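Coordinate analysis (summary)
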Amino acid sequence: MPVQLEIVDNIALVTIDNPPVNALSHAVRLGLQNAVREATAGACEAIVIQCAGRTFVAGADIKEFGQPPKDPWLPGLLEEIEAAKVPVVAALHGTALGGGFELALASHYRIALEDAQVGLPEVKLGLLPGAGGTQRLPRIVGVKAALDLITRGTPIDAKSAQVLGLVDEIVTSDLHEAAFEYAKKLVAAGAGIRRSSELPAPEADSAIFAEYRKQLAQRARGQLAPQKIVDCVEAAVTLSFADGMETERKAFMECIASSQSAGLRHMFFAEREAGKVRGLASDTPHREVQKVGVIGAGTMGSGIAMNFANAGMAVRLLEVNNEALQKGLDTIARNYAGGVKRGKMSEQDANTTRERITGTTDYADLADADLIVEAVYENLELKQDIFRRLDGIAKPGAILATNTSYQDVNKIAAATGRPEDVIGLHFFSPAHIMKLLEVVRADKTADDVLATCMALARRIRKVPVVAGVCYGFIGNRMLQHYGREAQLCLIEGATPDAIDTAMQQWGMAMGPMRVFDLAGLDVGYKARQGLALEERGDPKAYRVADALVEMGRLGQKSGAGFYTYDAGSRDYTVDPLVEELIVKEAAALNVERREIGADEIVDRLIYALINEGMRIVEEGIAQRPSDIDVVYVYGYGFPAYRGGPMHYADTVGLKNVLARICEFRERLGAENWSPAPLLEKLVRDDLSLAQWSAQQG
Ligand code: T1G
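Residues numbered from 1 in each chain as written. Predicted model: local features only at pLDDT ≥ 70, side-chain atom pairs only at ≥ 80, totals over all residues. Heavy atoms only, no water.

The next subject is the packing of helix α26 (residues 645-652) against helix α27 (residues 654-668). Where α26 contacts α27, the two axes come as close as 5 Å, and the packing angle between them is 100 degrees. It follows that α26 is roughly perpendicular to α27 by the angle criterion. In contact with A649, D650 and V652 of α26, α27 contributes L654, N656 and V657. Tallied by class, residues from the contact of α26 with α27 come to four nonpolar, one polar and one charged. (Axes fitted to C-alpha atoms, helices over the stretch in contact; angles between N-to-C directions. Helix = DSSP H or I, 4+ residues; strand = E, 2+ residues; numbered from the N terminus. Parallel < 35°, antiparallel > 145°, perpendicular 65-115°, else oblique. Contact = heavy atoms within 4.5 Å. Nonpolar A, V, L, I, M, F, W, Y, C, P; charged D, E, K, R; others polar.)

Have a look at this one:
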């Protein structure tokens with residue numbers, strides 16, 4: 001039974017025990033209702049609601065969403081608990097979140113362990129607190145604090161909660177014992193029932209809601225739930241509690257039925273699923289990693305070094321000479337100073353963390369490293385030389401990782417006598433900020449090396465996704481097709497700004513032309529110079545970018561690329577000269593330009609991602625479609641509320657995706673638009689990607 005009732009000295013102890021996070025499943029709600037009814041039917045003088053395990057209730061059971069709701073519904077259950085005639089005390093530890101914190105708010109008093117956290121993170125699932133949180137919270141903390149807490153969804157610690165009046169008592173240990181004593185003290189003091197729903201409606205100038213809606217239109221562009229949260233908090237001010245609850249219920253039902261919530265809930269589980277590696281025993285031993293070597297102190301190497309230092313590990317940063325090394329160490333110092341300036345960490349923490357990174361130009365200093373990450377520029381021969389050298393220096397059992405973006409990790413591993421110790425750890429720039437880590441499993445990578453790196457990813461607060469070896473692994477391989485379509489739309493008739501605006505309004509964090517400028521147009525240019533003409537592919541897909549490079553317009557770093565940039569700023573300006581250049585290059589390639597609408601731009605770029613993603617799944621480069629969604633949301637600014645490219649394909653319907661790709665094939669040619677066989681198969685079998693993926697086990 002997930003809920004137990006015990007009466008001790010006339011205090012009813014209601015204990016929820018539903019691992020792993022005491023989610024409010026139907027069985028828990030039923031058990032809670034029965035326990036509270038039994039307690040209040042008897043002679044108990046107070047009720048304590050507490051949880052076993054590592055945390056107080058962390059929310060409604062997300063796994064139940066989408067199923068027909070079963071009584072007791074949470075809002076009604078919480079109203080019943082709040083209506084109890086004896087004091088109800090909630091004992092909070094771990095993370096009391098969502099419906100769990102709403103349960104605490106419906107209780108009359110709250111006692112917490114000092115390291116407990118409380119919050120209403122529903123907005124991160126495209127939802128809003130649907131069990132009275134939008135009505136009770138503003139009554140306790142006021143409108144502004146409630147809007148901040150609910151629209152951001154970020155938990156706060158017990159001390160901050162106490163300052164806001166959300167927690168009454170804080171203890172350092174023995175929470176259940178303390179809650180029992182606290183309940184007895186309340187009874188002895190004749191403390192009354194304290195119902196937040198009976199507090200007066202909070203007051204607020206209506207202007208705050210308009211201001212918030214305007215802010216959210218920027219901060220949460222295109223998202224439904226944040227706007228609905230403002231409506232509900234406004235209802236807490238303007239309506240009775242009962243009417244406010246009705247407003248909340250309607251808004252909640254709208255959110256939970258939205259594709260945005262489906263996308264965000266998909267991402268919640270996809271991120272956790274990505275950490276599970278098929279065929280890898282869960283008890284695979286991990287190698288000890290305390291000392292890390294990083295080779296290359298450029299932008300990537302410096303960021304990578306910071307990740308490990310931030311996680312408390314000693315880092316040796318190696319460069320070929322002191323000048324390059326010092327440049328890297330200066331970058332790291334600047335990054336930490338920036339973190340202090342933004343209030344992310346204290347000056348002392350920044351210094352302590354930074355001092356974990358020591359520089360060297362001597363490979364011998366890497367001999368005791370448990371993990372060595374190579375992060376030099378993209379040249380296979382250079383990487384192979386480095387690994388050959390490491391083979392003679394690194395201690396037995398050291399993990400040898402390459403940060404390559406697309407080189408063949410098998411060829412790098414083959415340069416050593418220990419290919420089983422070699423793996424790809426592909427960080428994304430800026431490496432100390434981007435959450436995604438592609439963990440590239442080469443043919444001979446040992447299971448314990450893979451298991452160690454998956455756990456290490458979480459230790460350095462990254463989201464790991466396993467990728468097989470191919471050119472560009474998962475993300476960059478798909479990005480090539482996305483970039484190709486962007487460039488073709490450009491030469492065929494669209495402007496850089498039209499393309500970026502279409503993609504940003506659709507939800508991408510940054511349009512492709514701005515991304516190209518940020519990454520540097522010279523990167524692709526140099527790669528192409530190394531290829532024979534016939535190897536470079538369709539010139540329509542790169543001539544404009546190359547012409548810009550030949551004019552010295554390398555992107556942001558040179559102050560101009562597809563756009564012009566004020567020195568040291570990311571603000572961009574449309575440059576008519578670029579449009580003239582595009583027209584000239586189109587004429588030189590005999591391309592007749594035409595009007596290309598936003599819908600075509602979005603479908604060509606996104607369906608190009610989907611089609612290549614299908615091939616990546618088919619080839620086993622990605623373990624499952626949802627892994628690709630994690631790559632794109634965490635590594636490429638794909639809107640989480642659309643659930644990633646593969647979930648989006650299911651949202652649109654694979655039949656519709658295939659039909660649109662076939663239309664592009666007719667109009668734009670089979671070379672770029674041959675449907676992936678898996679896509680055709682799933683449409684034939686009338687299966688969604690999610691259904692097919694579930695069948696794969
Ligand atoms: N429902 C179902 N399963 C959940 C869950 C939940 N709410 N939260 C976590 N899990 C599973 C998770 O899938 C994983 O499963 C395991 O628990 C450990 O999670 C009415 C409508 C609590 C901070 O949004 O933020 O209440 O992979 O790996 O890193 O207004 O889980 O092991 O099979 O994340 O220690 C609101 C979501 C819900 C909180 C713990 N609540 N959870 O983090 O472990 S909506 C949330 C978290 C709601 C009400 C509304 C985190 C955590 P598996 P984990 P963790």
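With 98 residues, the main nonpolar core has I474, F562, I601, I606, M614 and F638 as its most contacted residues. Take this core: its biggest share by element is 11 residues, from helix α24 (residues 598-618). For this core, the domains that each give at least three residues are domain 2 (291-467) and domain 3 (478-620 + 623-697). When near neighbours in sequence (up to four residues on either side) are disregarded, I606 contacts Y482, M503, W506, F638 and Y648. Within the second largest apolar cluster, 83 residues are counted, among which are A104, A112, L166 and F252. (Core = buried A, V, L, I, M, F, W, Y, C linked by side-chain atoms within 4.5 Å. Buried < 20%, exposed > 50% of the residue type's maximum accessible area, 1.4 Å probe, protein only. Domains from an automatic or database assignment.)

The next subject is the domain arrangement of the protein chain. Segmentation of the protein chain into domains returns domain 1 (3-256), domain 2 (291-467) and domain 3 (478-620 + 623-697). The straight-line distance from the C-alpha centre of domain 1 to that of domain 3 is 44 Å.

Here we come to the sheet that holds strand β8 (residues 156-157). Here three strands make up an open sheet; going across it, the order is β5-β7-β8 and the pairing mixed. Only two strands of the sheet have a single partner each, and these edge strands are β5 (95-97) and β8. Judged from the two bridges that link them, strand β7 (residues 117-119) and β8 form a sheet pairing that is antiparallel. Paired with Q117 across the two strands is D157, which belongs to β8. (Pairing = 2+ DSSP bridges.)

Attention shifts here to the sheet that holds strand β12 (residues 357-360). Read from one edge of the open sheet, eight strands run β12-β11-β10-β13-β14-β15-β16-β17, paired in mixed fashion. Strands at the two margins of the open sheet, each flanked by one partner only, are β12 and β17 (463-467). Each adjacent strand pair in this sheet contributes to an overall mean axis angle of 25 degrees, direction not counted. Pairing of strand β13 (residues 371-374) with strand β14 (residues 399-402), which is carried by four bridges, proceeds in the parallel orientation. Looking at β14, one finds that L371 is bridged to I399. Against the sheet, helix α15 (residues 380-393) makes contact with β10 (291-295), β13, β14 and β15 (422-427), and its axis sits at roughly 170 degrees relative to β14, the strand it touches most. In the packing of helix α17 (residues 447-459) onto the sheet, contacts are made with β13, β14, β15, β16 (436-440) and β17, and the angle to β17 comes to roughly 150 degrees.

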